[in-house]
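Notes for the structure review
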Amino acid sequence: MEKIRVGVFGLSRGVYIAREFVHNGAEIVAFCDLYDDRIAAARAEFGENIPAYKDFDRFLEHPMDAVILTNNFSDHAPYAVKCLAKNIHVLSECISNGTMAEGVELVRAFEKSKAVYMMAENYPQSLLNTELKRVADGGTLGKIVFAESEYNHPLPELDPGIVRMLMFTPKHWRNFLPKTYYITHSLGPVMYMTGATPKKVSAFAVFDPVAENAPSASYVGDRLANITTQNDDGSVFRVTAFSQFGGHNSTVRLCGTKGQAESLRGQGDKVLVRYNDWDLPENTENNRVYTPEWNDKDAELIKKSEHGGGDFKTVRLFLECIREKKQPPMPFDVYSSTVMSSVAILGHRSVLNGGKVYDIPDFRNEADRALYENDDLTPFWREDGRAPTVPCCSHPDYKPSEKQLKLYAEAIKDNFK
Ligand SMILES: NC(=O)c1ccc[n+]([C@@H]2O[C@H](COP(=O)([O-])OP(=O)(O)OC[C@H]3O[C@@H](n4cnc5c(N)ncnc54)[C@H](O)[C@@H]3O)[C@@H](O)[C@H]2O)c1
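All of the points below concern the structure found in this document. In this text the structure is predicted, and so the values were computed from the model without any measurement.

1. Structural notes on the pattern of salt bridges
Overall, the coordinates contain 31 salt bridges when judged by the stated rule. A salt bridge links Arg223 to Asp208, with the shortest nitrogen-to-oxygen separation between them at 2.7 Å. Of this pair, Arg223 sits in strand E9 (residues 222-231) while Asp208 is found in the loop between strand E8 (198-207) and E9, placing the two residues 15 residues apart along the sequence. Three or more residues joined by partner-sharing salt bridges are found here, namely Arg108, Glu111, Glu366, Arg369 and Glu373.

Now the structure itself:
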């Protein structure tokens, strides 16, 4: 079988994903990034002769079957549209679209293309989330009526090294990232486990800015947003998207009519499954805590991959879709991806409007597309220099202080080139 030829756009996260392509038998054939240092590091790892470009359109002229979109968080859709127009398969990092209008454009481009489109959402594929899906699919929990999912990723806010690595320019997307936007690591797993799709969203943020002596150029003073969705099967999800409170965790709790299953916070790779006496399945206990094992032909490669094995499985699924000429299942397909982006974008509008409830459009429907095809509001700086058009924080006037900006400038000086 001929190797699938892959180009990598964005060489920070892109390097991690590219490794999994190699482990899955694909070939990395081209790179695109703005920074020489990142290009040099990628070449050192994957091959000194791999062509590297700074201009995406020139990169896309290089012969390739698929592109990994690991560029800026808010800029995936315009590049996905260009790939789809050339029938080049797309594995896009989250989120699929930074504006509502881009979501409409993306599904229209997808429907005209012969290519596979997949969201590179890896958290549903981790060991614990694979196990929770297995338990939910087994049916012993009954109907899942409520689920909670947290992506809580605190960072040492006084550490200049973290700022230098993650927010390396004043207009970097992470300095303008509203607390509802990084949604797919928490919403993706519960959509995957339950099959439910959000139809309404409401959210409240907690305003609690970083310390005055933190190196910061961030306009986001919120620490988290609590996001509630009502779903097409009547269930409700409560999720956080990139919250930042003490005690890192990425955990899920499924509540069914007959039982509960959850990944335990801070307990290693453990799940807890619970039932009442009258609903107890045979050969189990009311409250069972255990460490699941991989039951997968590629277990050894999966164990070596990042994000609880999710990175390997994500890439394997994408390559399987290309080889078998099929689209990925929900929530990795283009329609679920735009739903997740809508929860992110409209969830933030809810934050800015006192928790107002917004309907989540279904971009399969032309009427829903028409509602949003011109909605290009964004809290991010655009690549062409256009300024944000909505605030990124629940306190719209919040901005970094002179002292924080000075410490930030100090932190990012002498950064990579
Ligand atoms: N799934 C995961 O576990 C996971 C982990 C980390 C990051 N991500 C996602 O991956 C994406 C990238 O994240 P990151 O941390 O690597 O971001 P980053 O800002 O560190 O890197 C983005 C890279 O893209 C390049 N780039 C952006 N626009 C470009 C352009 N027009 N031309 C050439 N190069 C361009 C930049 O030079 C930069 O090196 C984001 O969407 C993020 O959400 C996902």
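2. Examining the pairing of strand E10 (residues 236-243)
Residues in a regular strand point their side chains to alternate faces of the sheet. Of all eight residues in E10, seven are buried, a share of seventy percent or more. Inspection of the sheet shows strand E7 (residues 144-152) paired to E10 by six bridges, in the parallel sense. Opposite Ser149, over in E10, you have Val239 as the bridge partner. For E9 and E10, the ladder comprises four bridges, and the chain directions are antiparallel. Across the sheet, residue Ile227 finds its bridge partner in E10, namely Val239. Connecting the antiparallel pair E9 and E10 is a turn made up of four residues, with Gly234 showing a positive phi of about 90 degrees.

3. Focus on the sheet that holds strand E1 (residues 5-9)
The strand order E3-E2-E1-E4-E5-E6 describes an open sheet built from six strands, whose pairing is parallel. At either end of the open sheet lies a strand with only one pairing partner, and these are strand E3 (52-53) and strand E6 (117-119). Pairing of strand E2 (residues 27-32) with E3 involves two bridges; the strand directions are parallel. Bridged to Phe31 within E3 is Ala52.

4. Points about the side chain of Thr229
Examined against the element boundaries, Thr229 turns out to sit in strand E9. Of note is the side chain of Thr229, whose polar atom sits 2.9 Å from the side chain of Asn231. With residues up to four places along the chain from it excluded, the contact list for Thr229 reads Pro198, Lys200, Val201, Ser235, Val236, Phe237 and Val343.

5. As for the site of the ligand
In the vicinity of the ligand, 28 residues are found, and the nearest of them are Asp33, Arg38, Cys94, His172 and Glu383. The separation between an oxygen atom of the ligand and a polar side-chain atom of Asp33 is 2.6 Å. A distance of 2.7 Å separates an oxygen atom of the ligand from a polar atom in the side chain of His172. Compared with its free state, where it exposes 850 Å², the ligand has 93% of that area covered by protein. For the shell around the ligand, the per-class residue count stands at eleven nonpolar, ten polar and seven charged. Split by domain, the shell around the ligand shows at least three residues from each of two domains, domain 1 (5-121 + 316-323) and domain 2 (123-301 + 334-372).

6. Quick look at the packing of helix H4 (residues 76-85) against helix H5 (residues 100-112)
Where H4 meets H5, the closest approach of the two axes is 9 Å, and the angle between their N-to-C directions is 15 degrees. Between H4 and H5, the angle is such that the two are roughly parallel. Here H4 runs over H5; the crossing is left-handed. Residue-level inspection shows Ala77, Pro78, Ala80, Val81 and Leu84 of H4 in contact with H5, the latter providing Glu102, Glu105, Leu106, Ala109 and Phe110. Partitioned by chemical class, the residues of the contact of H4 with H5 number eight nonpolar, no polar and two charged.

7. A short note on the packing of helix H8 (residues 184-194) against helix H11 (residues 334-352)
One can describe the packing of H8 onto H11 by two numbers: an axis separation of 10 Å at closest approach and a directional angle of 130 degrees. It follows that H8 is oblique to H11 by the angle criterion. The handedness of the crossing between H8 and H11 comes out as right-handed. For the pair formed by H8 and H11, the contact residues are Thr184, Leu187, Gly188 and Met191 on the first element and Ser336, Val339, Met340 and Val343 on the second.

The rules behind each value
- Residues numbered from 1 in each chain as written.
- Predicted model: local features only at pLDDT ≥ 70, side-chain atom pairs only at ≥ 80, totals over all residues.
- Heavy atoms only, no water.
- Salt bridge = Lys/Arg side-chain N within 4 Å of Asp/Glu carboxyl O.
- Helix = DSSP H or I, 4+ residues; strand = E, 2+ residues; numbered from the N terminus.
- Buried < 20%, exposed > 50% of the residue type's maximum accessible area, 1.4 Å probe, protein only.
- Pairing = 2+ DSSP bridges.
- Polar contact = N/O pair within 3.5 Å; in protein donor to acceptor, adjacent residues only side chain to side chain.
- Contact = heavy atoms within 4.5 Å.
- Near = heavy atom within 4 Å.
- Areas by Shrake-Rupley, 256 points an atom, 1.4 Å probe, with all protein chains shown as cover.
- Nonpolar A, V, L, I, M, F, W, Y, C, P; charged D, E, K, R; others polar.
- Domains from an automatic or database assignment.
- Axes fitted to C-alpha atoms, helices over the stretch in contact; angles between N-to-C directions.
- Parallel < 35°, antiparallel > 145°, perpendicular 65-115°, else oblique.
- Left-handed = near helix turned anticlockwise from the far one by under 90°.

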